[in-house]
Amino acid sequence: MSYRHIEFDTTGGIARLTLNRPEKLNSLTAAMHEEIRDALAQVTRESGARVLLLTGAGRGFCAGQDLADLAPNGSAIDLAEAIEKYYAPLVRKLRALPLPVVCAVNGVAAGAGANLALACDLVLAKKSASFLEPFCKIGLLPDTGGTYFLPRLLGTARAMGMAMLGTRLSAAQAAEWGLIWKCLDDEQFEMEVEALLAELANAPTLALAHTKQAIYTSASATLEEQLMVERDAMRALGHTGDFHEGVDAFLNKRTAEFHGR
Ligand code: LHQ
């Protein structure tokens, strides 16, 4: 498939997916969703990808659903269908990918665009970027996992404020509130994102995949269940080359060379 609305490539262990409709702040159309789905299907161990970057072209990250790309007089059925067909599978896919997913929020992240960022494992944002949940301004509720991510990351009070008022949150405030991992100065942004990607592309990928799944599972697990999740993951990781390499490197006071297996 050739892409018109996204850019995608995998080199040096880093898969990069850039939303590329900058004139509309990378708001999501059905055509764009099809391209994203096709690209994400290629993010596999066989492709050599050990980390995925999701970012946007231009001054925005993603303004959510392209409101001009809904069926005219869009009915409730249309919205539910868009969620079933595109938004929910996208969130599931990002959460299930067996490698870290980094979201570099280069500008405004609104609506489903904000929640798409929150579905990623590590979210970095430019200081000039912002997050908002403007669903309440158009008579909807936060989707794309918003009602799941917001209270878990922010607590109920702040989640309610964001969802019911649609207030724009600066990247700095988002980091302070624990919505995202880091807010970075605009001038340092690209350099720091690249450094993080390089680090993750050389990390013990399987261990990170298990870490990601275990942390996400914990949202609905008991301590007892989680102890067993950890045991099972440790059992699997104990057989990996990366584990043996990590221990050998530590004992011999050298830098480990991980191969993601
Ligand atoms: C847009 C959009 C946009 C189209 C900017 N659509 N053109 C919904 C329904 C179905 C199923 C599943 O899920 C969803 C989930 C959703 O995501 S609903 C929420 C949709 N998003 C919004 O309501 C956000 C709408 N956008 C805005 O509020 C502003 O654009 C923000 C605050 C993001 C940025 O404001 P500005 O920096 O002032 O930029 P702008 O408003 O001037 O936008 C630039 C252009 O992008 C402009 O086009 P134009 O041709 O006039 O230059 C906008 O119309 C276009 N654009 N968001 N979602």
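Remember, it's a predicted structure, so these values are computed and weren't measured experimentally.

Undergrad: Help me understand the overall build of the protein in this model?
TA: The helix and strand inventory of the protein stands at 10 helices and 10 strands. Taking 18 Å as the expected radius of gyration for a compact globule of 261 residues, we find that the protein reaches 19 Å, a close match to that expectation. Each principal axis of the C-alpha atoms in the protein carries an extent, and together these give about 65 × 45 × 35 Å. The burial tally for the protein puts 44% of its 261 residues in the buried class. Considering only intrachain contacts with a sequence separation of at least 6, the fraction spanning at least 24 residues in the protein is 70%. Surface accessibility of the protein: about 13500 Å² in total, with carbon and sulfur atoms responsible for 57%. The averaged location of the 31 negative side-chain charges in the protein is 2 Å from the averaged location of its 25 positive side-chain charges.

Undergrad: Where do I start with the pairing of strand β5 (residues 101–105) in this structure?
TA: Looking along a regular strand, one sees the side chains alternate between the two faces of the sheet. Counting buried positions along β5 gives five out of five residues, so the element sits mostly inside the fold. A two-sided burial pattern is seen for β5, the buried positions comprising Val101, Cys103 and Val105 on one face and Val102 and Ala104 on the other. Of the pairings in the sheet, the one linking strand β3 (residues 51–56) to β5 comprises four bridges and is parallel in character. Directly across from Leu52, in β5, lies its bridge partner Val101. Bridge count for β5 against strand β7 (residues 122–126) is four bridges, and the pairing is parallel. Residue pairing for β7: Cys103 is matched across the bridge by Val123.

Undergrad: I keep staring at helix α1 (residues 30–41) and nothing clicks. Help me out?
TA: Since the α-helix packs 3.6 residues into each turn, any two residues three or four apart lie on the same face. The terminal C-alpha atoms of α1, which comprises 12 residues, lie 17 Å apart, in line with the 16 Å expected from a rise of 1.5 Å per residue. Buried within α1 are the following residues: Met32, His33, Glu35, Ile36, Ala39 and Leu40. All buried residues of α1 lie within an arc of 160° about the axis, which places them on one face of the element.

Here is what the cut-offs are and how they apply
Residues numbered from 1 in each chain as written. Predicted model: local features only at pLDDT ≥ 70, side-chain atom pairs only at ≥ 80, totals over all residues. Heavy atoms only, no water. Helix = DSSP H or I, 4+ residues; strand = E, 2+ residues; numbered from the N terminus. Rg over C-alpha atoms; globule rule 2.2 N^0.38 Å. Buried < 20%, exposed > 50% of the residue type's maximum accessible area, 1.4 Å probe, protein only. Contact = heavy atoms within 4.5 Å. Areas by Shrake-Rupley, 256 points an atom, 1.4 Å probe, with all protein chains shown as cover. Lys, Arg positive; Asp, Glu negative; His and termini not counted. Charge placed at Lys NZ, Arg CZ, Asp CG, Glu CD. Pairing = 2+ DSSP bridges. Expected span 1.5 Å × (residues − 1). Arc of directions from axis to C-beta.

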